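Here is how the chains run, residue by residue.
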Amino acid sequence: MELNGKKVLITGGAGFLGSHLCDRFVKEGYHVIAMDNLSTGSLKNIEHLFPLKNFEFYFHDVTKFVHIPGKLDYILHFASPASPIDYLKMPIQTLKVGSLGTHNLLGLSKEKSSRFLIASTSEIYGDPDVHPQTEEYWGNVNPIGPRGVYDEAKRFMEAITMAYHTFHGIDTRIVRIFNTYGPRMRLDDGRALPAFMKQAIEGHDITVFGDGSQTRSFCYVSDLVEGIYRLLLSDYVYPVNIGNPNEITIKQFAEEIIKLTGTKQKIVYMDLPTDDPKQRQPDITKAKEILGWEPKVDRAEGLKITYEHFRKVLNK
Ligand code: UDP
């Protein structure tokens, strides 16, 4: 492999998205440092990279001072619990990694003159009353609700990142990530896709929360990685939505997974979690115009690949 002489730090590098980003940057010839405290990430996601000369792993919590020897061209801040049950279990850590962690990494990027990209989220739009969500929409977030620890941490993360850009001239990028799926999601992370697939594979009923009329728009992980890669290398400093605008109700989504897996299980309806957003769909006009990006993998194809992966993981 031809190395390109550039060094990138990926925090949360052992997580679902972080590990796919490590793969991409390694493949492009970067020297990649994955940093993770393994609170939700797993070394299994990156063990195949350990033998490579252009890959290193630092076991570290970014809410503590972060040091990297030598030069550093890029920082991608992806460390954070990212599923509702995780941030409900770790509310303070979620707030700290988005605030103190981002502050430490901005300090590092100032010291090293690194370009800095943050993983923001569609959650900053809360339960949106503008639909689809454009980057201009300010959102509808309950700061003291159960999801507030994540949503407000990410909103603060955007604010401090823009402040460092404006006041210290840091070269920053902000990606707002919508629901993403694919291999290496944790089967027990509580999110709809791994929950439904695990239930189908293990022969349990499919748990739809509420009446299932709430919507989401699911993006396959390789499409997301491509969008992030392009944003990092672009010169656009304002937030950009990256997601697949193909919107579906959660009930329809459960039905698609039932059909794909051929399970005989049925849907059971359970209480809707507090502040669960009723609708979500990215407006990706900016990503198309600025990055020339749009998703390529349709849901049928992405779900099939993900299902095969989960079957292997569960030995079925
Ligand atoms: N959901 C569901 N059953 C589950 C897990 C989640 O019906 O077992 C619903 C959840 O209430 C939400 C949607 O699926 O309306 C997507 O939830 P997820 O946690 O995957 O993502 P997020 O809410 O963060 O978009």
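Whatever comes next refers back to the structure up there.
Residues numbered from 1 in each chain as written. Predicted model: local features only at pLDDT ≥ 70, side-chain atom pairs only at ≥ 80, totals over all residues. Heavy atoms only, no water.

Engineer: So what about the overall build of the chain? Which residues, and what values?
Structural biologist: Each helix and strand in the chain was counted, giving 9 helices and 13 strands. Principal axes of the C-alpha set define a box for the chain whose edges measure 55 × 45 × 40 Å. Across the 316 residues of the chain, 55% fall into the buried class. Contacts spanning at least 24 positions in sequence make up 80% of the contacts within the chain whose residues lie at least 6 apart. Just so you have it, the chain exposes about 14000 Å², and 54% of that area is on carbon and sulfur atoms. Positive and negative charge centroids in the chain, built from 38 and 39 side chains respectively, lie 4 Å apart. (Helix = DSSP H or I, 4+ residues; strand = E, 2+ residues; numbered from the N terminus. Buried < 20%, exposed > 50% of the residue type's maximum accessible area, 1.4 Å probe, protein only. Contact = heavy atoms within 4.5 Å. Areas by Shrake-Rupley, 256 points an atom, 1.4 Å probe, with all protein chains shown as cover. Lys, Arg positive; Asp, Glu negative; His and termini not counted. Charge placed at Lys NZ, Arg CZ, Asp CG, Glu CD.)

Engineer: Quick rundown of the side chain of T261? Include the residues and the values.
Structural biologist: Following the sequence through the fold, T261 ends up in helix α7 (residues 250-261). For T261, a relative accessible area of 15% corresponds to the buried category. Within the local environment of T261, its side chain forms a polar contact with the backbone oxygen of I258, the two atoms lying 3.3 Å apart. Once residues within four sequence positions are removed from consideration, T261 is found in contact with A200 and Y307. (Polar contact = N/O pair within 3.5 Å; in protein donor to acceptor, adjacent residues only side chain to side chain.)

Engineer: Run through the pairing of strand β6 (residues 172-177), naming residues and quoting values.
Structural biologist: Counting buried residues in β6 gives 6 out of 6 residues, a clear majority hidden from the surface. Relative to β6, strand β5 (residues 115-121) runs parallel, the two being bridged by 6 bridges. From the neighbouring strand, F116 faces β6, where its bridge partner is T172. With respect to chirality, the unit in which β5 leads through helix α4 (residues 148-168) into the neighbouring parallel β6 is right-handed. By the bridge criterion, 3 bridges tie β6 to strand β11 (residues 240-242) in an arrangement that is parallel. From the neighbouring strand, I177 faces β11, where its bridge partner is I242. (Pairing = 2+ DSSP bridges. Right-handed = clockwise from strand over helix to strand, strands pointing away.)

Engineer: Tell me about the packing of aromatic side chains, and please be specific about residues and values.
Structural biologist: Here the structure, examined in full by the defined rule, presents 13 aromatic pairs. Judged by centre distance (5.9 Å) and plane angle (70 degrees), the ring pair of Y236 and Y238 falls under edge-to-face. Given a relative accessible area of 45%, Y238 falls into the partly exposed group. Following the ring pairs from residue to residue traces out a cluster consisting of F25, Y30, Y74 and Y229. (Phe/Tyr/Trp six-rings, centres within 6.5 Å; stacked < 30°, edge-to-face > 60°.)

Engineer: Describe the sheet that holds strand β3 (residues 55-59), and please don't skip the residues or the numbers.
Structural biologist: Ordered in space as β3-β2-β1-β4-β5-β6-β11, the 7 strands form an open sheet in which the pairing is parallel. Single-partner strands in this sheet number two, and they are β3 and β11. Taking each pair of neighbouring strands and ignoring which way they run, the sheet shows an average axis angle of 20 degrees. As paired elements, strand β4 (residues 74-77) and β5 share 4 bridges and run parallel to each other. Across the sheet, Y74 pairs through a bridge with R115, a residue of β5. (Axes fitted to C-alpha atoms, helices over the stretch in contact; angles between N-to-C directions.)

Engineer: Now, about the site of the ligand: what can you tell me, with residues and values included?
Structural biologist: Taken together, 18 residues sit near the ligand, with T207, F209, R216, D276 and R280 positioned nearest. In this structure, F209 approaches the ligand through a main-chain N or O atom, which is 2.7 Å from an oxygen atom. Relative to its unbound accessible surface of 520 Å², the ligand loses 95% to contact with the protein. Where the shell around the ligand is concerned, the elements lending two or more residues are α5 (192-202) and β8 (206-209). Its residues placed into classes, the shell around the ligand shows 8 nonpolar, 4 polar and 6 charged. (Near = heavy atom within 4 Å. Nonpolar A, V, L, I, M, F, W, Y, C, P; charged D, E, K, R; others polar.)

Engineer: So what about the nonpolar core? Which residues, and what values?
Structural biologist: In this structure, F25, V32, L76, F78 and I228 are the most contacted members of the largest nonpolar core, which totals 61 residues. Considering every element that reaches this core, the biggest residue donor is helix α6 (residues 221-233), with 7 residues. Not counting residues up to four positions away in its chain, the partners in contact with V32 are V8, I10, C22, F25, V26, N54, F55 and E56. I33, L72, F116 and I174 belong to the second-largest nonpolar core, a separate cluster that totals 21 residues. (Core = buried A, V, L, I, M, F, W, Y, C linked by side-chain atoms within 4.5 Å.)

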